[in-house]
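Chain and residue survey
Given next are the chains, with one letter for each unit.
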Amino acid sequence: MQTVTTLPELRQAVDELRDSGQIALVPTMGALHEGHLTLVRAAAQMASHVAASIFVNPRQFGPSEDLDAYPRQFAQDAAKLESEGVALLWAPGVEVMYPEGYATNISVGGVSDGLCGADRPGHFDGVATVVCKLFNQLRPDIAVFGEKDWQQLAVIRRMARDLDLTLPSADAIHGIPTVREADGLAMSSRNAYLSPQGRAFAARLPLAMRNATSDILEGKDVQPTLDLLVSQLLEAGFSSVDYAELRDADSIALLSSDNGNARLFVAARIGETRLIDNLPVKR
């Protein structure tokens, strides 16, 4: 695996890889777990070469979010990627991604409204900006993201369509189903922040969500079903629920009933740890 930290090195490495096949990109912020590695394995099935990036993007952290506390374990992450056969690791510093005088921001309306967009103002601007830069820097044929961050995936696809990106095109941006622990909890770097008791509470989130999607499919009214979901989480030990909403999977528009393309989105907190998850409403 070749690890590069400067743009000239990156351009040369990308050109050399492209001479022998397509490139699939897996962007990450490090702190890699099995969910990330599943994305790498999926990418390897789609292209001749896998490139990964590790960059903790300061522009997607809000004022109340501790950027410095985000886990950084570069050596371990690089070893994991190399063991999975990743050909190229792009690991730029902040000064490379946002050099002095940097003044450009990408904002994607509509799909970024509500859900995490409402709770974390500016977050998706930071996501869209850094991902667009990564796409321009590596020019991948394919990009792979996890469906756990479904709203993020929708933002990135919308950005690619609106800006007429060709490498990758919106159709070449792939979502991979959420990887879950044995008890159903979505894998996340944030799970490491949970105490043993909090981790036990967290397992109730996917269970309550599955029950809610079943109730919606059975024709029960959406809002009472969501209200019940919230009360169940609070009774199970969650500190608060930021949102529990039914939305269209593509437009992220709020729904009051199942439209055949619905997803259930939930964000809830255990202490200071914020967990998100989403499920399709389908049999």
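Residues numbered from 1 in each chain as written. Predicted model: local features only at pLDDT ≥ 70, side-chain atom pairs only at ≥ 80, totals over all residues. Heavy atoms only, no water.

As recorded by an unreviewed UniProt entry, the protein carries the name Pantothenate synthetase and is attributed to Aurantiacibacter atlanticus. Check the Subunit (unreviewed entry) section of the UniProt entry for the protein; it says "Homodimer." Comment text from UniProt for the protein, heading Sequence similarities (unreviewed entry), reads "Belongs to the pantothenate synthetase family." (UniProt positions renumbered as here; feature names shortened; annotations may be inferred.)

1. What about the sheet that holds strand β8 (residues 262–270)?
Overall, antiparallel pairing links the three strands, which are arranged β7-β8-β9 in an open sheet. Taken across any chain shown, the strands that pair with only one partner, and hence form the sheet edges, are β7 (240–248) and β9 (273–280). Ignoring which end each strand starts from, the neighbouring axes of this sheet average 10° apart. Alignment of β7 against β8, held across eight bridges, turns out to be antiparallel. Within β8, the residue paired with L246 across the bridge is L264. Taken strand by strand, helix α9 (residues 204–217) contacts β7, β8 and β9, and its axis lies near 30° from that of β9. Its contacts with the sheet put helix α10 (residues 222–235) on β7 and β8, and the angle it makes with β7 is roughly 150°. (Pairing = 2+ DSSP bridges. Helix = DSSP H or I, 4+ residues; strand = E, 2+ residues; numbered from the N terminus. Axes fitted to C-alpha atoms, helices over the stretch in contact; angles between N-to-C directions. Contact = heavy atoms within 4.5 Å.)

2. A closer look at the packing of α9 against α10
One way to put it is that α9 packs onto α10 with a least axis distance of 10 Å and a crossing angle of 165°. It follows that α9 is roughly antiparallel to α10 by the angle criterion. Handedness of the crossing formed by α9 with α10: right-handed. Of α10, the residues touching α9 (which contributes R204, L205, A208, M209, A212, D215 and I216) are V222, T225, L229, Q232 and L233. (Parallel < 35°, antiparallel > 145°, perpendicular 65-115°, else oblique. Left-handed = near helix turned anticlockwise from the far one by under 90°.)

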